[in-house]
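Listed here are the chains, written in short residue letters.
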Amino acid sequence: MSDKAHIIIGGGIIGLSVGWQLLRAGIPVEIYEESSSPRSGAGWVAAGMLAPNAEAGYEEEALFKLCNNSLSLYDKFLEELREDVKKSEVPKIDRCGSMIVAITSDDIQTLKRQYEFRKSLGDISMVMLSGSEAREREPLLSPKVKQALFLPNDAQINNRKLLEALHEAFLNSGGTIHEHSHIHEIVTRNGVAESIVTKGTVHFASGITISAGALIGKISGIESIGIRPVKGQMIGLKTDTSVKLQHLIRSPRVYIAQKDDGRMLVGASVEEQGTSRTITAGPIMELLHYAWEVVPLVYELEIAELQSGLRPASRDHCPVIGESDVAKLFYATGHYRNGILLAPLTAYALRDEIVYGKKRDDLSMFAPQRFLKKSIPEAV
Ligand code: GLY
């Protein structure tokens, strides 16, 4: 085996997960991160929802299955993480379930359509509740809630603890992270990815994985897969221990996720604003209004943080995972709204493809080839 490292571009949730799993399989790994790891990427600002049943989108059946497959790998992933950390707290999965609530008559129709759609997907556990049944399970819900769809198999995790633990596990397993490193170019020779170039320095690699999230477009030669940033603004509200939401709460306009440290996260806007991460009044005002409409107590809570992040979105809003037309050049990006949820599956899949040449059947629709029209120019 070559002693050149496998190079990963991007030290967020996906880069760290893939890198750590490669290290566990005996492959040396170096991460190059544009900013700093693990706090600068979309994963830090995420709500940590492991909610494939609530997130299931029309025409996204394969993605729904993929997300569920990843959720089923989470326990093993966390178990392995516990083996590789000393200082960090590995978060537990909170199997709280989701509740999608309806307030207006439009919401009720939307909820009915969502129920029928989920029924067509097959084996989803769900219960349609009246407003009062919903409030029995979730006393903080507003009296305005008229109906709710309860999805007991959804869960959540503290994504920040997860990122800190992955960061430590990656380093403890012998990985190297080069922070504030801009990758100018990926160099290929005879159809094989050979090296990356940072500030005029060439770094040779045994293979390259691109998990650069929304900033992928800045690397020369890879624009063709069309990843774009989709901004999400999020509010963190402070609660004391007497306040506890029992579920992930969603309406058609907002979601609320209370984490194990008490933070009540209200999110998130979906904005096409390029690479801007500016916090703006309009989306924050709307999110707070929509959250208050569902959980009136929100009005009283202290705003502890306002955050924004850039989700990496592909043209079909599905992830891009696997080897490209250039040998030894792998993609693990485009996770859009599902980066935290899809981290375990992406990490195991890339490990199996890179180390053992094995591909997962459930990833055939998510290969980079669906977006690759032209190859990266050859080195001369
Ligand atoms: N997964 C939630 C979001 O992207 O806002």
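Report on the accompanying structure. Sequence order as written defines the numbering, with residues in each chain counted from 1. Residues qualify for local features only when their pLDDT is at least 70, as the model is predicted, and side-chain atom pairs are given and counted only at 80 or more; totals for whole chains, interfaces and linings, by contrast, use all residues. Side-chain metrics in this entry use all non-hydrogen atoms of the structure; hydrogen atoms and water are not considered.

**Description of a nonpolar patch on the surface**
Then step 1. A patch consists of residues whose relative accessible area exceeds 30% and which take part in no salt bridge; residues with like charges are grouped when within 9 Å of each other, and nonpolar side chains (Val, Leu, Ile, Met, Phe, Trp, Tyr) when within 5 Å. For the area figures, the Shrake-Rupley method with a 1.4 Å probe applies, and any residue is considered shielded solely by the protein chains shown. A side-chain nitrogen of Lys or Arg and a carboxyl oxygen of Asp or Glu constitute a salt bridge if their distance falls within 4 Å. A cluster of nonpolar side chains, I279, I303 and L306, forms an exposed patch at the surface whose accessible area comes to about 230 Å².
Then step 2. Counting from the N terminus, the helices are DSSP H or I runs at least four residues long and the strands are E runs at least two residues long. For L306, the location among the structural elements is in strand β17 (residues 302-313).
Then step 3. Assessed through its relative accessible area of 37%, L306 is described here as partly exposed. Here's how the labels work: a residue is buried when its accessible area is under 20% of the maximum for its type, exposed when over 50%, partly exposed in between, all with a 1.4 Å probe on protein chains only.

**Examining the environment of R228**
Then step 1. Secondary-structure assignment places R228 in strand β13 (residues 228-238).
Then step 2. By relative accessible area, R228 is classed as partly exposed at 24%.
Then step 3. Measuring from C-alpha to C-alpha, the distance between R228 and H184 comes to 18 Å, with 44 residues separating the pair along the chain.
Then step 4. With sequence-adjacent residues up to four places away left out, R228 is seen in contact with E272, R311, P312, A313, S314 and H317.
Then step 5. Among the polar contacts made by the side chain of R228, one reaches the side chain of E272 at a distance of 2.8 Å.
Then step 6. Two N or O atoms form a polar contact when they lie within 3.5 Å of each other; inside protein one atom must be a possible hydrogen donor and the other a possible acceptor, and for residues adjacent in sequence the pair counts only when both atoms belong to side chains. From its side chain, R228 meets the backbone oxygen of S314 in a polar contact 3.4 Å long. Residues count as neighbours in contact if any of their non-hydrogen atoms are within 4.5 Å of one another.

**Brief notes about helix α8 (residues 281-294)**
Then step 1. Helix span is expected to be 1.5 Å times the residue number reduced by one. The terminal C-alpha atoms of α8, which comprises 14 residues, lie 20 Å apart, in line with the 20 Å expected from a rise of 1.5 Å per residue.
Then step 2. Buried residues of α8: P283, I284, L287, A291, E293 and V294, and no others.
Then step 3. For α8, the elements touching its buried residues are β4 (98-102), β13, β14 (248-251), β15 (254-258), β16 (264-267) and β17.

**Notes on the site of the ligand**
Then step 1. We define proximity as follows: a residue is near a molecule or strand when any one of its heavy atoms falls within 4 Å of that partner. Lining the immediate surroundings of the ligand are M49, E55, Y255, A268, R311 and R337.
Then step 2. In this structure, Y255 approaches the ligand through a side-chain N or O atom, which is 2.6 Å from an oxygen atom.
Then step 3. Burial of the ligand by the surrounding chains reaches 87%, relative to a free accessible area of 200 Å².
Then step 4. Only Asp, Glu, Lys and Arg are considered charged in this grouping, and only Ala, Val, Leu, Ile, Met, Phe, Trp, Tyr, Cys and Pro are considered nonpolar; every other residue, Gly among them, is considered polar. Looking at side-chain class alone, the shell around the ligand contains 3 nonpolar, no polar and 3 charged residues.

**A look at the packing of helix α4 (residues 61-84) against helix α9 (residues 339-356)**
Then step 1. A fitted line through C-alpha atoms represents every axis, and for helices the fit uses only the stretch in contact; the resulting angles, taken between N-to-C directions, go from 0 to 180 degrees. Taken N-terminus to C-terminus, the directions of α4 and α9 make an angle of 75 degrees; their axes are 7 Å apart at the nearest point. The angle between the axes of α4 and α9 places the two elements in the roughly perpendicular class. Residue-level inspection shows L63, L66, C67, N69, S70, L71, L73, Y74, K76, F77 and E80 of α4 in contact with α9, the latter providing I340, L341, L342, A343, P344, L345, A347 and Y348.
Then step 2. Classifying every residue of the contact of α4 with α9 gives 15 nonpolar, 2 polar and 2 charged. Each angle receives one of four descriptions, namely roughly parallel if under 35 degrees, roughly antiparallel if over 145, roughly perpendicular if within 65 to 115, and oblique otherwise.

**Quick word on α9**
Then step 1. With 18 residues, α9 should reach 26 Å at 1.5 Å per residue; the first-to-last C-alpha distance of 24 Å fits that figure.
Then step 2. Its axis deflected by about 30 degrees at L345, α9 carries its strongest bend there.
Then step 3. In terms of residue burial, α9 counts as a mostly covered element, since 15 of its 18 residues are buried. At every residue, the bend is computed as the angle between two fitted axes, covering the seven residues ending there and the seven beginning there respectively.

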